[in-house]
Amino acid sequence: MIGRTADRFSRMRVATYHRIALVALVALATAVRGPNEAFAQIPFGGEVRQLVTFSFLPGRSSEALTIYQEEVIPLYRQDEAMRSFRALREVESPVPLDPIVISSFDGVSGMDESNAALRRVASQAGTSIGTLYGSIGALSRSHHDQFIEMLPALGHGDPTDQPLVALVWYQTTPDPADRFQRVLGDEVVPFERDADILASTGRFLISDGWDYLRILGFESLGAYQEYWQTLRQTNGGRGLEAITAERRQVILAPVDALRVR
């Protein structure tokens, strides 16, 4: 009996040491990668994101993405003022679109710092960020810029870690300005947390008439459909519908080769 008890305690000590070692390794990885890499695109207070939607010339999108991957992304990785970067390609959309790229900054001032840092690291690499952007622009018919201020409390996790990412633009009715956020915070976000739906919300600073953007992550198109079918049956879903003047949505997929932090 004494032998078996001692053996059990020995195994417990080994398991405890393993757990401690695992915690230490996670902490070390976080310290090495830094908070940006550890938490990816989970919104933080004061965060501003820039969304650029491209429309490339026929047959030129692959060339443009190669410039991004081989020449631009290495510079972004050296730019500490750019908190993260994602590129999303079309999966399903009511209108044709080329990749949407999303850059994250610590406020608008962080965007200014990022621009200065990119000019510096590009110069050190013997190139110019303006020249690279110009090369991408020459392959484009147009591009569309929008800026949003992220609202960290109105979400859960990082939806861009999922295989499919839905972007949902909302134009709200002329109700009190905070009603949309109240419905999200009181009803919709708790529903999403319970269903483990990864989501984030931003309020537009610069847009073409839209008020809010929601970013939602899904495992599959079936999960996307199930989300909307279930949400419509909840108080939160009905509340959102009542104060939504217009909604636009597209389904995208992350381009892992163009991911920064």
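Refer to the preceding data block for the structure.
Please read all numbers here as calculations on a predicted model, not as lab measurements. All chains use their own residue numbering, which begins from 1 and follows the written sequence. Residue-level local features of this predicted model are given only where pLDDT is at least 70; pairs of side-chain atoms are given and counted only at 80 or more, and the full residue set underlies all totals for whole chains, interfaces and linings. Working from all heavy atoms in the structure, the side-chain values ignore hydrogens and water.

Undergrad: I tried to follow the overall build of the chain on my own but got confused; where do I start?
TA: Looking only at helices and strands, the chain has 7 helices and 8 strands in total. For the chain, with 261 residues in total, the buried portion stands at 43%. Any two residues having at least one pair of non-hydrogen atoms within 4.5 Å are treated as being in contact. Within the chain, residue pairs in contact and separated by at least 24 positions form 81% of the contacts whose partners lie at least 6 positions apart. Runs of E in the DSSP output that reach at least two residues are strands. Runs of H or I that reach at least four are helices, and both are numbered from the N terminus. The buried label applies to any residue whose accessible area, calculated with a 1.4 Å probe on protein chains only, is under 20% of its type's maximum; exposed applies above 50%, and partly exposed to all values in between.

Undergrad: So what exactly am I meant to see when it comes to the packing of helix α5 (residues 179–194) against helix α6 (residues 221–231) here?
TA: Two measures define how a pair of helices packs: the angle their axes make with one another and the distance between the axes. Lines are fitted to the C-alpha atoms to define the axes, a helix being fitted only along its stretch in contact, and any angle between axes, read from their N-to-C directions, falls within 0 to 180 degrees. Relative to each other, α5 and α6 sit at 135°, their axes nearing to 12 Å. When the axis of α5 is compared with that of α6, the two are oblique. Read as a crossing pair, α5 and α6 show a hand that is right-handed. Of the residues in α6, those in contact with Val-188, Phe-191 and Glu-192 of α5 are Tyr-227, Thr-230 and Leu-231. Any residue that is not Ala, Val, Leu, Ile, Met, Phe, Trp, Tyr, Cys, Pro, Asp, Glu, Lys or Arg is counted as polar, Gly included; the first ten are nonpolar and the last four charged. Here the residues of the contact of α5 with α6 are counted per class, giving 4 nonpolar, 1 polar and 1 charged. Oblique is the label for every angle not falling under 35 degrees (roughly parallel), over 145 degrees (roughly antiparallel), or within 65 to 115 degrees (roughly perpendicular). By convention, the crossing between two helices is left-handed when the near helix turns anticlockwise from the far helix through less than a right angle, and right-handed when the turn is clockwise.

Undergrad: For this particular structure, what's the right way to read the side chain of Ser-103?
TA: Inspection of the secondary structure puts Ser-103 in strand β3 (residues 100–106). With a relative accessible area of 6%, Ser-103 lands in the buried category. When sequence neighbours within four positions are dropped, the list of residues in contact with Ser-103 reads Val-48, Arg-49, Gln-50, Met-82, Ser-84 and Phe-85.

Undergrad: I tried to follow a nonpolar patch on the surface on my own but got confused; where do I start?
TA: Residues forming no salt bridge and having over 30% relative accessible area are the ones grouped into patches, like charges within 9 Å of each other and nonpolar side chains (Val, Leu, Ile, Met, Phe, Trp, Tyr) within 5 Å. For every accessible area listed, the method is Shrake-Rupley and the probe measures 1.4 Å; residues are considered covered only by the protein chains on display. When a carboxyl oxygen of Asp or Glu is within 4 Å of a side-chain nitrogen of Lys or Arg, the pair counts as a salt bridge. On the surface, a nonpolar cluster with roughly 260 Å² of combined accessible area is contributed by Val-108, Leu-205 and Ile-206. With respect to the helices and strands, the residue Ile-206 is situated in strand β6 (residues 199–206). On the basis of relative accessibility, which here comes to 47%, the residue Ile-206 falls in the partly exposed class.

Undergrad: What exactly am I supposed to notice about the pattern of salt bridges here?
TA: Close approach of charged atoms allows side chains of opposite charge to pair. One pass over the full model with this rule turns up 8 salt bridges. Across the salt bridge formed by Asp-178 and Arg-182, the nearest N and O atoms sit 2.7 Å from each other. Its relative accessible area of 38% is what places Asp-178 among the partly exposed residues. Judged by its relative accessible area of 41%, Arg-182 falls in the partly exposed class.

Undergrad: Can you walk me through the pairing of strand β8 (residues 244–254) in this structure?
TA: Working note: regular strand, side chains alternate between the two faces of the sheet. Any two strands with at least two DSSP bridges between them are considered paired. Where strand β2 (residues 82–92) and β8 come together, 4 bridges link them in antiparallel fashion. In the sheet register, Glu-92 faces β8, and the bridge partner there is Ile-251. The pairing of strand β5 (residues 164–172) with β8 spans 8 bridges and is classified as antiparallel. Along β8, the bridge assignment pairs Leu-167 with Val-250.

Undergrad: Any chance you could explain the side chain of Ser-140 here in plain terms?
TA: For Ser-140, the position within the fold is in strand β4 (residues 140–150). For Ser-140, a relative accessible area of 13% gives the class buried. Side-chain polar atoms of Ser-140 contact the backbone oxygen of Ile-136, separated by 2.9 Å. The definition of a polar contact used here is a pair of N or O atoms within 3.5 Å, where within protein one atom must be able to donate a hydrogen and the other to accept one, and adjacent residues in sequence count solely through side-chain atom pairs.

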